[in-house]
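# Fold and contact review
These are the residues of each chain, in order.
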Amino acid sequence: MSHRMDSRSRSNRRRARWAAVCAGLVLSLTVGAQGEAAPSDTPAPPGPLGRIPDVTAAVAGGLLHPEAPPAGANDWSCRPSREHPRPVVLLHGSAANAFNNWSMMSPWLKQQGYCVFAPNYGGPPGSPFQATGPIRESARQVARYVDRVLKATGARQVDIVGHSQGGGPTPRWYLRFEGGTHPEHPKRNKVRRLVALAPSNHGGNVSGIGTLTTRLGLNSAVSAVLGQAWSDQMVGSEMNRKLDKGGDTRPGVHYTVIATRYDAFATPVHHSFLTAGPGAKVRNILIQRICKEDFSDHLSLAYDSNAAQLVSNALDPAHAKPVRCGLALPLLGG
């Protein structure tokens, strides 16, 4: 009996150590990389400049002023134009915030004439690390925010551009379970286009770390440190199974997925892609098939001018422009 208890004790200690190691590694990667995925106050023109990080602004803005909107976003007096009749809602990724995730994309879209809105969601108010809570709760917050945008702008629909969690499970859960359709018109979605950068649509294993935490039964322990969004985004999670059960898409929504083969978080990369169901349109893009020398990873894709042009083309396909394929490098290793 004593031997079995000692064995259990040693096993529990090993699990605890693994939990600490995995949590620390993922937290350091997430915090460090998001700090590098820094904002710029000027839009990044598509072309040879690639992504445009500003580490100092990321630390100062994303950490010290996490509730500040990125440049160009959250002008509640903005009224959509005839050329761009739908406001664009930018949804950041896990452990990020609107400022550090969208400080390139937001002014770039604003410059093109869009009404741009970028909320923080899924985390404690004032925390720089948002989108860490349960996907279901994050989707409810997005639902309320989209309704606020529609009311303020007078638009009937929005377009969503999201990164990682913000392009995958959160908006998809919102569309399916949290009021993504107009109550008076059940067949009319509140979202016309969903453009996703490196989305964790079908769960990710974070280059194998997630597979390890799942097999060792450590996801709950890691989520206690990093938030429930960790467990929710693991391959085969309860959330993923429920979300995928009825198919990937909603009728009437146009989906564009932009993924990178150098992704170290939403892995394997094919888990990012969607399959079109009835009445939906899907375009899955591996960015290296457009630009062979694009080395953007999961985090830097939001600061990649090649991806920015693909986003613009997805939002306004009638006026799509060629991607000029500037060299894009990762912000951090991976």
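With that out of the way, let us pick up unusual backbone geometry. Following Thr-267, the chain continues to Pro-268 via a peptide bond in cis, the omega torsion being -10°. Mapped onto the elements, Pro-268 comes out in the loop between strand S7 (254-259) and strand S8 (281-286). At Ser-164, a position not held by glycine, the phi torsion is positive, near 60°. Tracing the backbone shows Ser-164 in the loop between strand S3 (158-163) and helix H6 (169-177). On the accessibility criterion, Ser-164 (9% relative accessible area) is buried.

On to the packing of helix H5 (residues 135-153) against H6. In contact at an axis separation of 8 Å, H5 and H6 are set at 70° when each is read in the N-to-C sense. As far as their axial angle goes, H6 and H5 are roughly perpendicular. Relative to H6, the crossing made by H5 is right-handed. Contacts from Ile-135, Arg-136, Ser-138, Ala-139, Val-142, Ala-143 and Val-146 in H5 reach Pro-169, Thr-170, Trp-173 and Tyr-174 in H6. Split by residue class, the contact of H5 with H6 holds eight nonpolar, two polar and one charged.

A few words now on the state of the cysteines. Counted according to the given criterion, the structure contains two disulfides. What pairs with Cys-78 in a disulfide is Cys-115, and their sulfur atoms sit 2.0 Å apart. The sign of the -80° torsion about the S-S bond sets the Cys-78-Cys-115 disulfide as left-handed. Taken together, the positions of Cys-78 in the loop between helix H2 (55-63) and strand S1 (88-91) and Cys-115 in the loop between helix H4 (105-111) and strand S2 (116-117) put the pair 37 residues apart, joining distant regions of the chain. Judged on exposure class, the residue Cys-78 and its partner Cys-115 are both buried.

Rules used in this analysis
Residues numbered from 1 in each chain as written. Predicted model: local features only at pLDDT ≥ 70, side-chain atom pairs only at ≥ 80, totals over all residues. Heavy atoms only, no water. Helix = DSSP H or I, 4+ residues; strand = E, 2+ residues; numbered from the N terminus. Buried < 20%, exposed > 50% of the residue type's maximum accessible area, 1.4 Å probe, protein only. Axes fitted to C-alpha atoms, helices over the stretch in contact; angles between N-to-C directions. Parallel < 35°, antiparallel > 145°, perpendicular 65-115°, else oblique. Left-handed = near helix turned anticlockwise from the far one by under 90°. Contact = heavy atoms within 4.5 Å. Nonpolar A, V, L, I, M, F, W, Y, C, P; charged D, E, K, R; others polar. Disulfide = S-S within 2.5 Å.

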